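Chain and residue survey
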Amino acid sequence: MGAPPVEEDVGEELQSHLEMATEDLVARGWTPEAAWEEALRRFGDVEAARAATESEVRSRDRALTRAYRWEAVMQDVKYALRSLARSPGFAVVAILTLALGVGANSAIFSVLNGVLLRPLPYPEPDAILWLDEAHDGPNGRPGPVPWTNFLDWREQSRSFEAMAAFRASGTTVLGGDQPVRATVAAVSRDFWRVFPVQPVLGRLTVPDDHGPGRGPAILVSETFWENELGADPDVLGRTLEVYGVPATIVGVVPGAFDFPFGADLWSPLEYNEQSTSRTAHNHRVAGRLRPGVDVATADAELDRIALSLGEGLPDADYDAEGAVVTPLQSRLTASARTPIFLLMGAAALVLLVACSNLASTLLARGSTRRRELAVRSALGASRGRVVRQLFTESLVLASIGSVVGLAIAWIGLPVLVGLAPDLPRVDEVGLSLPVLLFTGGVAVVTALLFGLFPALRLADEDLASGIRAGDRGNAAESRSLVWRGLVGAEMALALLLLVGGGLLLRSFTRVLAVEPGFREEGVVTLQFQLTPGRYQDLDAYARFYEEFVGSAGADPSVEQIALATGAPLINCCPVGWIQKDYVVEQPWVGPGLYMAVTPDYFSVLDIPLVAGRDFTDQDRAGSPHVAIVSEAFAEILWPDENPLGKVISGGGMDSYWSNDEPVWAEVVGVVADARYRSLVDEVQPAYYFPLYQRPARSRFGATGLVRPADGADAAAVRVVRNLMAQRDPDVPLEISSMQATVSESVSDRRFVLVILAVFSVVALLLAAVGIYGVVSYHVARRTREMGIRLALGAPPSRVRKSVMRGAMITVATGLMVGVGAALVAGRWLESVLFGVRANDPVTLGVVLLTLMSTAFLAAFIPARRSTRIDPMITMRAE
């Protein structure tokens, strides 16, 4: 190749240099004209070229090399796109397969990131700890802290910069656009030192706002301010009625802050006198660590303080056995960790199934391209060049699949969040930057998993032999073994997913089959709280409830109605320790759930009366105090004795009426056990008082249970709404059904089951497609052999059996490995299973049968096609 002439003033040395540079560029892929122009650009200034230092030349060469490499990469990408365009069917199936795996992982990671990984929206959130008291209370679990103990913790601890107590409850709030039931958090004076948020308007409460008898100040959330107060810019100084007491708004808290328990308003805890009992477990506690103090040090110090406070006190007056310190983020998300990590593992299995599927498909597809690869090798392409091209194709495929997967995640995420139970921080779930980075990482890893191995396998073969016809010898046999391994792995992974889904399905059916001890069908529930401050004494509460029940029950649309301070799975229930048989000096015995109920409570819920009688309208203030106990409660207190006629005293504020003297109640009835806290927890003992006789706890809210007459649900709801509006118009009613409550109680299990079921079906379909594809390829590869066998008189059934045998041996091997893996991994599911073992043989048997049947069908179709080969055509095949 000759170089274009240059100017006369260019010397022979420079002319030679230019020609060498041009030839080098042409060898790197440049056209002669472009190479000459680049050489002139580099050395066009003769004097500058002669004065150029060696480092400048190397720098220019490096830049040129980078440009060449980038151009080579782009050429690989363009070639990969053209290759996929030539096989649109393969491209669509591969992209959708990847998209399902990547989309599942991106969607679940979005939930994991929003709920578990994203830092709490507070300054230095890692320094905030949740503090529990370990005690030998009703369940022996760490729990709330008595006020006096909290004060001693705060005074004696040196590990914490600030410590605060708090509690929260729902109440009716007046003074907004309309009466509304909101969550009000009562917080101690240092709460805003533990959580130093910046108010949107006004200020936070200060120590002067915290104290008995002070005019109460109150903070509202930004959401409450916008929804209930019309985003009034002059809201500061406005008065709200909370717990029947006028409170002045002094600030608006940012909407991102809703601690604790989804609070809408915050009031000073010290406004009311607190109990001095060291066994009144009424407060939650949080603390902010001092700089340089770790969690272990704070835990040890607080544990030592808690133990020292009980020295010299009798067990009846102090039941703490230490303290438990937990990072706040871990405490808030504890219930969500197991299901989210379980689903993340399931999503990873789906991706692995997809990768196994594609790896076997690419290996088969690569075999059909052996001639193409051999030609490239013969033209000088190195092994690394071939691997790079094949891997680039896989990376392009993974990138496109990831983009489509992100679209699937974006579409499916609202559905996923809608299916989710009441997850903490669920409003922070979305396709954020960490999710995008995670998806990009998944794309690269996916390309490595399904693309690099086939590329290396194909590049290791004797590509020159690919120019010759056929696919014989050790290479073909080696690829066959690899394909079998990939299909076996695919079946093992699919079995893991299906076993997990099957176990959860059987567990869920066992939960639904649990006998709750009550009948939820046809029961309408009402939750409300009478307007605080409008009822002068407890007798006024009792009169309201009696008149309300009497008026509603007289309407023909209402078959039965009852009220209670708690109901199964609804705001239930406080745990109270009791004393028995008039013996005040004895230790507290018999923890149980307690509530006050009206007559017909057991009848509405169809809880059987085992012995004695039900409450009546005559069980009211001024009459002898009575109680009804559950069978489990009677068994604890009076084993092998008749509980009727026995006496008990207990139940928190319902136990005492004046001067802290115990009120003894005679047991007049025994009812069957009911599950109040959860369908899957052990039945807890319970005891009941008449609401008309002990209405104290109803001041904080009551639950109505209405069984409408046949077909009169709407009319019954209208009746109770109108009655409440007439008698206390400022009471907001929350109306639902007992069936909805039961369904909501198992929503967390349903959430995991539905998502895992979807993943299992996807894995099953991918496995079936993988088997079908590999068997089809084997049939196509052995077309000549099968044609010859048929021409020589072999029965079609024998040919078909030969194909099926190889496929089913591979499937069976994979399933055996999968069964072993499922038995090992089953222990991770034990915490979310109910009534079924992790190695349940029924589940394993059904899953094995399902996978074997699916695999048989997927293999039978191409195997049957193999017997329809025309021997005369195959004999002429190349």
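Residues numbered from 1 in each chain as written. Predicted model: local features only at pLDDT ≥ 70, side-chain atom pairs only at ≥ 80, totals over all residues. Heavy atoms only, no water.

1. So, the environment of leucine 733
With respect to the helices, strands and loops of the structure, leucine 733 is situated in the loop between helix 19 (713-727) and strand 21 (734-737). Under the relative-accessibility criterion, leucine 733 is labelled buried at 16%. When near neighbours in sequence (up to four residues on either side) are disregarded, leucine 733 contacts Leu526, Gln527, Phe528, Val720, Arg721 and Met724. (Helix = DSSP H or I, 4+ residues; strand = E, 2+ residues; numbered from the N terminus. Buried < 20%, exposed > 50% of the residue type's maximum accessible area, 1.4 Å probe, protein only. Contact = heavy atoms within 4.5 Å.)

2. Remarks on the side chain of threonine 598
Assignment of secondary structure puts threonine 598 in the loop between strand 14 (589-597) and helix 17 (601-604). Of the residues examined, threonine 598 reaches a relative accessible area of 1% and is grouped as buried. Setting aside anything within four residues of it in sequence, one finds threonine 598 in contact with Ala562, Leu563, Leu691 and Tyr692.

3. Describing helix 9 (residues 295-309)
Count 3.6 residues to each turn of an α-helix, and residues three or four apart come out pointing the same way. With 15 residues, helix 9 extends 21 Å between its outermost C-alpha atoms, agreeing within 8% with the 21 Å of an ideal straight helix rising 1.5 Å per residue. Those residues of helix 9 that fall on the buried side of the exposure criterion are Ala298, Glu301, Leu302, Ile305, Ala306 and Leu309. Viewed end-on, helix 9 has its buried residues packed into an arc of 135 degrees, placing them on one side of the element. Exposed positions of helix 9 whose direction lies more than 90 degrees from the buried face are Ala296 and Arg304. (Expected span 1.5 Å × (residues − 1). Arc of directions from axis to C-beta.)

4. Considerations on the nonpolar core
General note: in soluble globular proteins, nonpolar side chains tend to be found buried as a group. Counting residues in hydrophobic clusters, the biggest one holds 103 residues, and the most contacted among them are Tyr601, Tyr676 and Tyr688. Among the elements that take part in this core, helix 21 (residues 747-781) stands out by supplying 15 residues, more than any other. Formed by 28 residues, the second largest nonpolar core is a distinct cluster that contains Tyr541, Ala552, Val558 and Val731. (Core = buried A, V, L, I, M, F, W, Y, C linked by side-chain atoms within 4.5 Å.)

5. Concerning the pattern of salt bridges
By the definition in use, this model includes 15 salt bridges. For glutamate 641, the salt bridge is made with lysine 646, and the minimal N-O distance between the two is 2.9 Å. Overall, the relative accessible area of 22% leaves lysine 646 in the partly exposed class. Salt bridges sharing partners connect three or more residues here, namely Asp132, Arg284 and Arg331. (Salt bridge = Lys/Arg side-chain N within 4 Å of Asp/Glu carboxyl O.)

6. Quick notes on unusual backbone geometry
Each neighbour pair has its own omega, and for phenylalanine 259 with proline 260 the value is 0 degrees, a cis peptide bond. By the secondary structure assignment, proline 260 is in the loop between strand 7 (245-253) and strand 8 (265-268).

7. Topic: the pairing of strand 19 (residues 686-690)
A large share of strand 19 lies buried, amounting to five of its five residues. Across the two faces of strand 19 the burial is the same, with Ala686, Tyr688 and Pro690 and Tyr687 and Phe689 all buried. Direction of pairing for strand 16 (residues 626-630) relative to strand 19: antiparallel, over a ladder of two bridges. Among the inter-strand pairings, valine 629 is bridged to a residue of strand 19, identified as tyrosine 687. (Pairing = 2+ DSSP bridges.)

8. Quick word on the packing of aromatic side chains
A full pass over the atoms with the stated rule returns 33 aromatic pairs. Here the aromatic rings of tryptophan 147 and phenylalanine 150 are separated by 5.3 Å at their centres, their planes lie at 45 degrees, and the arrangement is tilted. With a gap of three residues between them, tryptophan 147 and phenylalanine 150 both fall in helix 6 (residues 147-156), about one helical turn apart. For the pair tryptophan 147 and phenylalanine 150, a shared accessibility class is recorded, and that class is buried. Seen from their ring centres, phenylalanine 528 and phenylalanine 548 are 6.4 Å apart, and the 50 degrees between their planes marks the pair as tilted. Taken together, the residues span a long stretch of sequence, with phenylalanine 528 in strand 11 (residues 524-528) and phenylalanine 548 in helix 16 (residues 538-553) at a distance of 20 residues. The residues phenylalanine 528 and phenylalanine 548 share a single accessibility class, namely buried. By the ring-pair criterion, three or more aromatic residues cluster together here, those being Tyr122, Trp130, Phe166, Phe191, Trp192, Phe195, Phe257, Phe259, Phe261 and Trp266. Sitting over the ring of phenylalanine 689, arginine 694 keeps its end group 3.9 Å from the ring centre. (Phe/Tyr/Trp six-rings, centres within 6.5 Å; stacked < 30°, edge-to-face > 60°. Lys NZ or Arg CZ within 6 Å of the ring centre and 35° of its normal.)

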